[in-house]
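# Architecture at a glance
Spelled out from the first residue to the last, the chains are:
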Amino acid sequence: MTEKPIEVTLEKIDRLIDTCRKAKVKLGVIFQRRTMPESIKLKQTIESGKLGKLCFGSAYLKYYRSNDYYKSAGWRATMELDGGGRS
């Protein structure tokens, strides 16, 4: 099990996937918002069939994080350790 992002470079991602395949273990990526009430409600709505047969879904979630958030850990918003995330 790994936190997201799975890695910050495609080369490292491919190496991680290949290593797991060779070891015959499953690789999972955590989605920490899966337990939010909104996520649970959406899952229940989809599974209930109220939306019909779902063929495709897409979401864009925009978050605001203060400078204090980024200052709270040296790895946050770095390309090397976090994959970026701050403009």
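As a further point, take the overall build of the protein. Regarding its fold elements, the protein presents 3 helices and 0 strands. What you see in the protein, going N to C, is helices and strands ordered as α-α-α. Here the C-alpha radius of gyration of the protein, 17 Å, is well above what a compact globule of 87 residues would show, namely 12 Å. In terms of its C-alpha atoms, the protein occupies a principal-axis envelope of roughly 45 × 40 × 20 Å. Contacts in the protein between residues at least 24 apart in sequence constitute 46% of all its contacts with a sequence separation of at least 6. Across the protein, the 18 positively charged side chains and the 10 negatively charged ones have centroids separated by 7 Å.

In this section: the packing of aromatic side chains. Under the definition given, this model contains 1 aromatic pair. Aromatic side chains Tyr69 and Tyr70 sit 5.1 Å apart centroid to centroid with 85 degrees between the ring planes, which places their arrangement in the edge-to-face category. The class of Tyr70 is buried, set by a relative accessible area of 15%.

Attention shifts here to the confidence of the model for the protein. It should be kept in mind that the predicted coordinates are not to be read in detail where pLDDT is low. Taken over all residues, the pLDDT of the protein has a mean of 86, while the share at 70 or more is 91%. When pLDDT is averaged over each element of the protein, helix α1 (residues 10-23) comes out on top at 95 and helix α3 (residues 67-71) at the bottom at 85.

So, about the pattern of salt bridges. Taken as a whole and judged by the stated rule, the model has 2 salt bridges. Here Asp18 ties to Lys22 by a salt bridge, and the two come within 3.0 Å at their closest N and O atoms. In this pair, Asp18 and Lys22 are both assigned in helix α1, 4 residues apart and thus about one turn of the helix distant. As a salt-bridge pair, Glu47 and Lys43 come within 2.5 Å of each other at their nearest N and O atoms. Highlighted residues: Glu47 and Lys43, both in helix α2 (residues 37-48), separated by 4 residues, approximately one helical turn. For Glu47, a relative accessible area of 57% gives the class exposed.

Reading guide: rules and limits
- Residues numbered from 1 in each chain as written.
- Predicted model: local features only at pLDDT ≥ 70, side-chain atom pairs only at ≥ 80, totals over all residues.
- Heavy atoms only, no water.
- Helix = DSSP H or I, 4+ residues; strand = E, 2+ residues; numbered from the N terminus.
- Rg over C-alpha atoms; globule rule 2.2 N^0.38 Å.
- Contact = heavy atoms within 4.5 Å.
- Lys, Arg positive; Asp, Glu negative; His and termini not counted.
- Charge placed at Lys NZ, Arg CZ, Asp CG, Glu CD.
- Phe/Tyr/Trp six-rings, centres within 6.5 Å; stacked < 30°, edge-to-face > 60°.
- Buried < 20%, exposed > 50% of the residue type's maximum accessible area, 1.4 Å probe, protein only.
- pLDDT = per-residue confidence, 0-100.
- Salt bridge = Lys/Arg side-chain N within 4 Å of Asp/Glu carboxyl O.

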